[in-house]
Amino acid sequence: ATAPSSAGASSAAGYTSGAGVPGLGTMNVSAKAFTYNTVANWLDSLAKLPTIADPYVGSISAGTEEGTKIVAFTSTGNVTAEALSQRYTAKEVAP
């Protein structure tokens, strides 16, 4: 299981990902897992979201924390326009 230790988002107007997907900005996560397979599952899960494009693991390292083996990693993805809820979009009112 992954447990995000911190997450952040940065904004970049007119941003385009490395794969050419237009986006709103980036999502950065630092997390810990118990296995490398869990990190792979995290990445596969992000790749299935229409709101995140081009997810990847930026760094990964194995270690121990309080006697338990862990895998610490960082992950980044590009936030797409699909993440917009449109709840504040002005709606036309019929006369």
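Check the entry above for the structure.
Scope of this entry: the structure provided in the associated data block. Quick caveat, the model's predicted, so the values are computed rather than measured. (Residues numbered from 1 in each chain as written. Predicted model: local features only at pLDDT ≥ 70, side-chain atom pairs only at ≥ 80, totals over all residues. Heavy atoms only, no water.)

What follows covers the overall build of the chain. Scanning the chain from terminus to terminus reveals 1 helix and 4 strands. Along the chain, helices (α) and strands (β) appear in the sequence β-β-α-β-β when read from the amino end. The 95 residues of the chain split such that 25% are buried. Restricting to contacts in the chain with at least 6 residues of sequence separation, those with at least 24 account for 60%. Roughly 6,400 Å² of accessible area belongs to the chain as shown, and the carbon and sulfur atoms make up 56% of that amount. (Helix = DSSP H or I, 4+ residues; strand = E, 2+ residues; numbered from the N terminus. Buried < 20%, exposed > 50% of the residue type's maximum accessible area, 1.4 Å probe, protein only. Contact = heavy atoms within 4.5 Å. Areas by Shrake-Rupley, 256 points an atom, 1.4 Å probe, with all protein chains shown as cover.)

This paragraph deals with the pattern of salt bridges. Where charged atoms of side chains with opposite charge meet at close range, the side chains can pair. Taken as a whole and assessed by the stated rule, the structure comprises 1 salt bridge. The salt bridge partner of glutamate 65 is lysine 32, with a shortest N-O separation of 2.7 Å. Remark: lysine 32 occurs in strand E2 (residues 22–33) and glutamate 65 occurs in strand E3 (residues 52–65); sequence separation between them is 33 residues. (Salt bridge = Lys/Arg side-chain N within 4 Å of Asp/Glu carboxyl O.)

Grouped together as the largest cluster of nonpolar side chains are 11 residues: Met27, Val29, Ala31, Ala33, Val39, Trp42, Leu46, Ile52, Val71, Phe73 and Val79. For this core, the secondary-structure elements that each account for two or more residues are E2, helix H1 (36–47) and strand E4 (68–79). Residue contributions to this core peak at 4 residues, all from E2. (Core = buried A, V, L, I, M, F, W, Y, C linked by side-chain atoms within 4.5 Å.)

For the rest of this paragraph, the subject is the environment of lysine 69. Residue placement: lysine 69 occurs in strand E4. By relative accessible area, which is 67% here, lysine 69 ends up exposed. Sequence-distant contacts of lysine 69, that is, excluding residues within four places in its chain, are made with Phe34, Gly63 and Thr64.

With that settled, the discussion passes to unusual backbone geometry. Even without being glycine, glutamate 66 reaches a positive phi, approximately 55°. By the element assignment, glutamate 66 lies in the loop between E3 and E4. Phi is positive for glutamine 86, close to 65°, though the residue is something other than glycine.

A word on the environment of valine 39. Along the chain, valine 39 falls in helix H1. Residue valine 39 is classed as buried on the basis of its relative accessible area of 3%. The sequence separation of valine 39 and phenylalanine 73 amounts to 34 residues, and the corresponding C-alpha distance is 7.8 Å. The contact partners of valine 39, leaving out residues within four places of it in the chain, are Ala33, Val57, Ile60, Val71 and Phe73.

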